[in-house]
Amino acid sequence: MTEVWAIVNAEWTKLRTVRSTYWTLALTVAVSAGLAYLVGHSLSGSYDGWDQDRRDDFDPLFASFLPLMVGQLVLVVFGVLAMSAEYSGGTIHASLTAVPRRGRFYAGKVLAVLGPALAVSVAAVLAAFFAGQAGLGGLGTSPGAAGVPRAMAGSVLVMTLMCLFALGLTAVARSATRVLAVLLPLLLLNSQGLGQVPALKPVMQYLPDQAGMVIMHVAGPQDDPRWARDYGPWTGLGVVALWAAAALLAGLVALRRRDA
Amino acid sequence: MSTFVGLPAPFRGLPAPRSVPSVGRVIEVQDLRKEYGGTVAVDGLSFTVRPGRVTGFLGPNGAGKSTTMRMVLGLDRPTAGRALIDGGPYRLLRDPLRRVGAMLDATRVHKGRSAYAHLLWLAQTNRIPRTRVRQVLELVGLEPVARRRAGRFSLGMAQRLGIAAALLGDPPVLLFDEPVNGLDPEGIVWIRTLMKDLAAEGRTVFVSSHLMSEMALTVEHLIVIGRGRLLADTTVRAFIDTHARSYVRVRTPEPERLRQVLTGAGVRVEDGADGTLEAHGTETAQVGELAAAHGLAVHEVSLRTASLEEAFMRLTGQAVEYRAGGERA
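In short, a report on the structure.

A look at the sheet that holds strand E2 (residues 39-49) of chain B
Backbone hydrogen bonds are what pair the strands of a sheet, in a parallel or an antiparallel way. Residues and elements named next belong to chain B. Here three strands make up an open sheet; going across it, the order is E2-E1-E4 and the pairing antiparallel. If you trace the sheet from one side to the other, it starts and ends with E2 and strand E4 (80-85), each paired once. The average undirected angle you get between the axes of adjacent strands in this sheet is 20°. One ladder, built from eight bridges, connects strand E1 (residues 27-36) with E2; its direction is antiparallel. Opposite Lys-34, over in E2, you have Val-42 as the bridge partner.

Focus: the interface of chain B and chain A
Each side of the interface is counted separately: chain B has 29 residues, and chain A has 23 residues. A per-element tally of the side of chain B that touches chain A places helix H2 (residues 115-125) of chain B first, with six residues. Residues of the side of chain B that touches chain A, tallied by class, amount to 14 nonpolar, seven polar and eight charged.

A look at unusual backbone geometry
Here His-217 of chain A, not a glycine, exhibits a phi torsion of approximately 65°, which is positive. The phi dihedral of Asp-31 of chain B is positive, around 45°, even though this residue is not glycine. Inspection of the secondary structure puts Asp-31 of chain B in strand E1.

Things to note about the packing of H2 of chain B against helix H4 (residues 155-167) of chain B
Residue and element names in this part refer to chain B. Where H2 contacts H4, the two axes come as close as 10 Å, and the packing angle between them is 25°. Taken together, H2 and H4 sit at an angle that is classed as roughly parallel. Regarding H2 and H4, the two cross each other, and that crossing is right-handed. From H2, Ala-115, His-118, Leu-119 and Leu-122 reach across to H4, where they touch Leu-161, Ala-164 and Ala-165. By residue class, the composition of the contact of H2 with H4 is six nonpolar, one polar and no charged.

Points about the sheet that holds strand E6 (residues 173-177) of chain B
Residues and elements named next belong to chain B. Sheet architecture is open: six strands sit in the order E5-E6-E7-E3-E8-E9, paired in mixed fashion. At either margin of the open sheet sits one strand with a lone partner, and together these are strand E5 (100-103) and strand E9 (229-235). Across the sheet, the axes of successive neighbouring strands diverge by a mean angle of 15°, strand direction being ignored. Pairing between strand E3 (residues 54-58) and strand E8 (residues 221-226): four bridges, direction parallel. Within the sheet, the bridge partner assigned to Thr-55 lies in E8 and is His-221. Strand contacts of H4: E5 and E6, with the helix running at about 170° to E5, the strand carrying the most contacts.

As for the environment of Arg-55 of chain A
In this fold, Arg-55 of chain A is placed in helix H3 (residues 52-57). Between the C-alpha atoms of Arg-55 of chain A and Thr-2 of chain A, which are 53 residues apart in sequence, the distance is 56 Å.

Some thoughts on the packing of helix H1 (residues 2-16) of chain A against helix H7 (residues 102-136) of chain A
All names here are of chain A. Across the interface, H1 lies against H7 with an axial gap of 8 Å and an inter-helix angle of 55°. By the angle between their axes, H1 is oblique relative to H7. Our pair here, H1 against H7, has a crossing hand that is right-handed. Seen from H1, the contacting residues are Val-4, Ile-7, Val-8, Ala-10, Glu-11, Trp-12 and Leu-15; seen from H7, they are Arg-104, Phe-105, Ala-107, Gly-108, Lys-109, Leu-111, Ala-112 and Pro-116.

Thoughts on helix H3 (residues 130-139) of chain B
Taken as a whole, H3 of chain B has its buried residues at Val-133, Gln-135, Val-136, Leu-137 and Leu-139 of chain B. Contacts from the buried residues of H3 of chain B go to H2 and H4 of chain B.

What to know about the nonpolar core
One finds Cys-163 of chain A together with Leu-119, Leu-161 and Ala-164 of chain B to be the most contacted residues of the largest nonpolar core, which totals 171 residues. For this core, the leading source of residues is helix H8 (residues 148-173) of chain A, giving 16 residues. With residues up to four places along the chain from it excluded, the contact list for Ala-164 of chain B reads Leu-119, Val-136, Leu-137, Leu-139, Val-140 and Leu-142 of chain B. Counting 12 residues, the second largest nonpolar core, distinct from the first, contains Tyr-247, Val-250, Val-287 and Ala-291 of chain B.

Definitions and limits used
For every chain, the first residue of the written sequence is number 1, and numbering continues from 1 onward in sequence order. Labels follow written order: the first chain is A, the first ligand is 1, and so on. Per-residue local features are limited, in this predicted model, to residues with pLDDT of at least 70; the limit for side-chain atom pairs, both in listing and counting, is 80 or more; totals at the level of whole chains, interfaces and linings are taken over all residues. Strand pairing requires that DSSP identify at least two bridges connecting the strands. Helix and strand definitions here come from DSSP, where helices need a minimum of 4 consecutive H or I residues and strands a minimum of 2 consecutive E residues; each element is numbered from the N-terminal end. Simply put, an axis is a line fit to the C-alpha atoms, just over the touching stretch for a helix, and the angle between two N-to-C directions goes from 0 to 180 degrees. Here contacts are defined at the residue level, using C-beta atoms placed from the backbone and a cut-off of 7 Å between them. The nonpolar class holds Ala, Val, Leu, Ile, Met, Phe, Trp, Tyr, Cys and Pro. Asp, Glu, Lys and Arg form the charged class, and all remaining residues, Gly among them, are polar. Convention used here: angles under 35 degrees read as roughly parallel, angles over 145 as roughly antiparallel, angles from 65 to 115 as roughly perpendicular, and any remaining angle as oblique. Crossings are classed by handedness, with left-handed meaning an anticlockwise turn of the near helix from the far one by less than a right angle and right-handed meaning a clockwise turn. Here the C-beta atoms are placed from the backbone, and a residue counts as buried if at least 20 other C-beta atoms lie within 10 Å of its own, exposed if 12 or fewer do, and partly exposed otherwise. The nonpolar core criterion groups buried Ala, Val, Leu, Ile, Met, Phe, Trp, Tyr and Cys residues into a set whenever they are joined through C-beta atoms within 7 Å.

By themselves, these are just geometric observations and shouldn't be taken as functional.
Below, the structure is given as structure tokens:
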């Protein structure tokens, strides 16, 4: 146990001694909160012009948590860089001579990333909630309102899991550029475009970025057949968790099989 | 007591290295083979590295030295054969930095991380006390730049950081891959002294180089490879005696006549540089007497010894020729 703890501690030292950790984590919170305020503000400004249908569908959490999709991208970059730095800088040789049991090295890395990823997800979700509600003004809701705690907890978990998902993929691809070239368009475009194409929806709704949207209240009103998914909020979260687990496992297999 | 170039003795005040197995087979490579795609990088290599002396690992660039070292350290998996440390694979070592210190490519450090931070995380993995980080930084002379980002280091400074990392766990076994690359003359003298001192303390020091001349000054034992194959496993003295041929160089205004005379006396003659002749298997006295007997003027008769570098080139060159011929057949 102390051995594993020593490795986690070392991985944590790696994270806190490079600048990218600080700016990715700070940006995750800043972008989430800033955009949440803007979205909230713009929705409340246009609310008067809406018809009744749209007013019925209005979800105050949408304004707060839609920006988390962008904040999540920055957190994904953090997860990617935590792993890719081993390869871009060539530290992997030193890491694996110091910790030749590769599973332990990898577990240490994942656990060290998990801590700050979880903490920053909590911070980003709280900041986005309050900034978004502040932007909404009178239309806003309170943190204790029905469904809000679940959405908050779900959002925190989705963001953290997406960060680990990215880390796992990077352990397979061993390059930030390769992973981000696939992940960023997927996370940015899929939700905007492909996810809305009816013919693709049965499959697309299970992609990692889509599956987390229900619990985050950014998938649209689930009582409306245009938006409804084939799964509920918790199942969606489970799908994200499966994606993360699969990516982490693939990363472990790649790390153990390949030459360093 | 050993003296350093402006530096303290390396491990004063620290516990002595743990005892090594009595057989002394600290690093053992058995029928090691590594293929990348269709290319054979290491081809059935076997050798043993013993403690208490500096063992040189010599071969031209691309001979398979780094690949072999990576396999010893468990970074690359052998296609066949085994590489062992103290009789077991590196991967099974507990706190390996306390057992084996290695410097591979020293530039492979995160460019945004300081030298201190780099050594700190390394130390933490093997539960090496933080005070030891300061100690090795001082030892390699990087203390003043410890907080500077490693990306701003010169190659020489990066080498020193790599050596500091290798010494971190005070290990009884040390591997250095091309450690003098990028070092200034003072740094080269320093690393030579360091390696000899480490060996004198009873440690096992295994150092690779593609420069024979560098090896001759540092190591006692030589393992020479070419094209992934073992060419020699011998002491430096024996290597010189076997491979560094001596010959008599003769300078004369009538080289063709002298050649006939020498050949007639059973001496093998080759053309040397600047129109000189190289007489093999003879002595200066015989050459002088033969010339005098035939009334030939000579401007120079001298005994020459081929440099170690030439001997090495000849040995590895043969390996390349042999392989090239073998592939054509």
